[in-house]
Amino acid sequence: MVSRVAATGAIEFKLCQTANTASILKIQKGDITRWFVDASSDAIVNPANERMLGGGGADGAIHRAAGPELREACYNVPEVRPGVRCPTGEARITPGFRLPASHVIHTVGPIYDIDSNPAASLRGSYRNSLRVAKDNNIKYIAFPAISCGVYGYPYGEAATLAISTVKEYADALSEVHFVLLEDSVYNVWLSKANELLQT
Ligand code: AR6
């Protein structure tokens, strides 16, 4: 086991270690709208919908905390087709405005019962969020459990996919956090991290 308890109460795992970088994964319970690490190089991930103009769940909480400037910035993201600013599995970045985090990376996870390949779409959401982070010099990123609310993705499958994708693509980031609101989701994430990051 490579986990330890950080000062914040987060459980910490090593993702990878090369000569110059050490990526750390932290899993914690909490409200993602309150998360921040660094004034200029941190981002929270918003589990949005394809229109990117707000909604319920974490998306609604993030828009409320960021203020109306976030909706305006999202509105200005070009549509790729009518009503679609961010297709499922892709990611877009905006400032964080009134949030403590400096940036928001908006991604759209799959609707589990409707998507023809929900695993590929969810993997795309994590992978593209990390890619957008790297392209924008983000060093610290916090994910919620994308698709595990309204979109109905089973927690166990989602956790396996989230952790393995982050493990594969976290290079160049200093820390990847999962900030999970519900005890049930947090417990599943922790047990999958112990399984997958145990070497
Ligand atoms: N901090 C951390 N996690 C949260 C928070 C929070 N403040 N609020 C909710 N969660 P969901 P989805 C958890 O439904 O399934 C929206 O209407 C929640 O308990 O927010 O990807 C969008 O506009 C769950 O574990 O996102 C889309 O239409 C996880 O975040 C749709 O919902 C994701 O739940 C996206 O659905």
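Keep in mind it's a predicted model, so treat the numbers as computed, not measured.

Asks: Describe the overall build of the protein chain, and please don't skip the residues or the numbers.
Replies: If you tally the helices and strands in the protein chain, you get 5 helices and 8 strands. When the helices and strands of the protein chain are read in sequence order from the N terminus, they spell out β-β-β-β-α-α-β-β-α-β-α-β-α. The C-alpha radius of gyration computed for the protein chain amounts to 16 Å, which stays within 12% of the reference 16 Å derived for 199 residues, consistent with globular compactness. Based on the C-alpha atoms only, the size of the protein chain along its principal axes is roughly 45 × 40 × 30 Å.

Asks: Would you mind going over the pairing of strand E6 (residues 103-107) in detail, with residue names and values included?
Replies: For E6, the tally of buried residues reaches 4 of 5 residues, placing the bulk of the element in the interior. Bridge count between strand E4 (residues 42-47) and E6: 5 bridges; the pairing is parallel. Of the residues in E6, the one forming a bridge with Val45 is Ile105. Taken together, the 5 bridges between strand E5 (residues 91-95) and E6 define a ladder with antiparallel strand orientation. The residue of E6 that forms the bridge with Pro95 is His103.

Asks: Could you give an account of the pairing of strand E7 (residues 140-143), with specific residues and numbers?
Replies: Of the strand pairs in this sheet, E4 and E7 are connected by 3 bridges, and their pairing is parallel. Opposite Asp42, over in E7, you have Tyr140 as the bridge partner. Inspection of the sheet shows E7 paired to strand E8 (residues 175-180) by 4 bridges, in the parallel sense. Looking at the pairing, Phe143 lines up with Phe178 of E8.

Asks: Quick rundown of the confidence of the model for the protein chain? Include the residues and the values.
Replies: Overall, the predicted model of the protein chain reaches an average pLDDT of 93, with 92% of residues at or above 70. Among the prediction metrics, the complex's ipTM stands at 0.99, with pTM recorded as 0.95.

Asks: Outline the nonpolar core, supporting the account with residue identities and numerical values.
Replies: The biggest cluster of nonpolar side chains holds 39 residues, and the ones touching the most others in it are Ile27, Phe143, Val166, Val176, Phe178 and Trp189. If you list the elements that add at least two residues to this core, you get strand E2 (11-17), strand E3 (22-29), E4, helix H3 (118-135), E7, helix H4 (155-169), E8 and helix H5 (183-196). Non-local contacts of Trp189, meaning those with residues more than four positions away in its chain, are made with Ile27, Tyr126, Ala145, Cys148, Tyr155, Ala158, Ala159, Ala162, Ile163, Phe178 and Leu180. Of all hydrophobic cores here, the second largest spans 17 residues; its members include Ile32, Cys86, Ala142 and Val179.

Asks: Account for the layout of surface pockets, naming residues and giving values.
Replies: Its volume calculated, the largest pocket comes out at about 600 Å³. The leading source of residues in the lining of the largest pocket is helix H1 (residues 57-66), at 4 residues. Of the residues belonging to the lining of the largest pocket, the class tally is 15 nonpolar, 9 polar and 3 charged.

Asks: Can you explain the site of the ligand? Please cite residues and give values.
Replies: Taken together, 21 residues lie near the ligand, and Gly56, Ala58, Asp59, Ser147 and Glu182 sit nearest. With respect to the ligand, the side chain of Glu182 contributes an N or O atom lying 2.5 Å from an oxygen atom. For the ligand, whose free accessible area comes to 700 Å², the fraction covered by protein is 91%. Looking at the shell around the ligand element by element, the count peaks at 3 residues for H1. In the shell around the ligand, the residues fall into 10 nonpolar, 8 polar and 3 charged.

Calculation notes
- Residues numbered from 1 in each chain as written.
- Predicted model: local features only at pLDDT ≥ 70, side-chain atom pairs only at ≥ 80, totals over all residues.
- Heavy atoms only, no water.
- Helix = DSSP H or I, 4+ residues; strand = E, 2+ residues; numbered from the N terminus.
- Rg over C-alpha atoms; globule rule 2.2 N^0.38 Å.
- Buried < 20%, exposed > 50% of the residue type's maximum accessible area, 1.4 Å probe, protein only.
- Pairing = 2+ DSSP bridges.
- pLDDT = per-residue confidence, 0-100.
- Core = buried A, V, L, I, M, F, W, Y, C linked by side-chain atoms within 4.5 Å.
- Contact = heavy atoms within 4.5 Å.
- 1 Å grid on protein atoms, 1.4 Å probe; cavity = no way out; pocket = protein on both sides within 12 Å on 5 of 7 lines; lining within 4 Å.
- Points joined across faces, edges and corners; volume = space filled by probe spheres on them.
- Nonpolar A, V, L, I, M, F, W, Y, C, P; charged D, E, K, R; others polar.
- Near = heavy atom within 4 Å.
- Polar contact = N/O pair within 3.5 Å; in protein donor to acceptor, adjacent residues only side chain to side chain.
- Areas by Shrake-Rupley, 256 points an atom, 1.4 Å probe, with all protein chains shown as cover.

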